[in-house]
Amino acid sequence: MSRRCELTGKAPMTGNNVSHANNKTRRRFLPNLNEVTLASETLGRAESFRISAAALRTVDHRGGLDGFLAKAADADLSPKALRMKREIAKAQSAG
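Residues numbered from 1 in each chain as written. Predicted model: local features only at pLDDT ≥ 70, side-chain atom pairs only at ≥ 80, totals over all residues. Heavy atoms only, no water.

### Concerning the packing of aromatic side chains
Then step 1. Within this structure, the stated rule accounts for zero aromatic pairs.
Then step 2. The ring of F29 is capped by R27, whose NZ or CZ atom sits 3.8 Å from the centre of that ring.
Then step 3. Positioned over the ring face of F49 is K80, at 5.1 Å from the centre of the ring. (Phe/Tyr/Trp six-rings, centres within 6.5 Å; stacked < 30°, edge-to-face > 60°. Lys NZ or Arg CZ within 6 Å of the ring centre and 35° of its normal.)

This is the structure we're talking about:
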């Protein structure tokens, strides 16, 4: 399982541990990923995602999963999220 947010594409970054003596060793900054279940109001079903805490706050701010996916860039989304975005757009245009 990759350490990548399924909604924002946030992934590990690299940097340095810097000691008091200014010694530098390489380290990784991992995203704060959580397994959450988000419900789509348009589709009437819930889906499980592994997303960052920042993405979860953004989903709440934009009014739920449907609002977030409508504004999200396709390049950032996982295949599962992209498929759900297309299903939501299709359901909204039909109904």
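### Some details on the pairing of strand β2 (residues 24-29)
Then step 1. Where strand β1 (residues 13-18) and β2 come together, six bridges link them in antiparallel fashion. Pairing of T14 across the sheet is with R28, part of β2.
Then step 2. The antiparallel pairing of β1 with β2 creates a hairpin that spans five residues between the two strands, and N22 there sits at a positive phi of about 65°. (Pairing = 2+ DSSP bridges. Helix = DSSP H or I, 4+ residues; strand = E, 2+ residues; numbered from the N terminus.)

### Comments concerning the side chain of D66
Then step 1. Along the chain, D66 turns up in helix α2 (residues 65-71).
Then step 2. Polar side-chain contacts of D66 include one of 2.8 Å to the side chain of T42.
Then step 3. When residues no more than four places from it in sequence are discounted, the contact partners of D66 are S40, E41, T42 and I88. (Polar contact = N/O pair within 3.5 Å; in protein donor to acceptor, adjacent residues only side chain to side chain. Contact = heavy atoms within 4.5 Å.)

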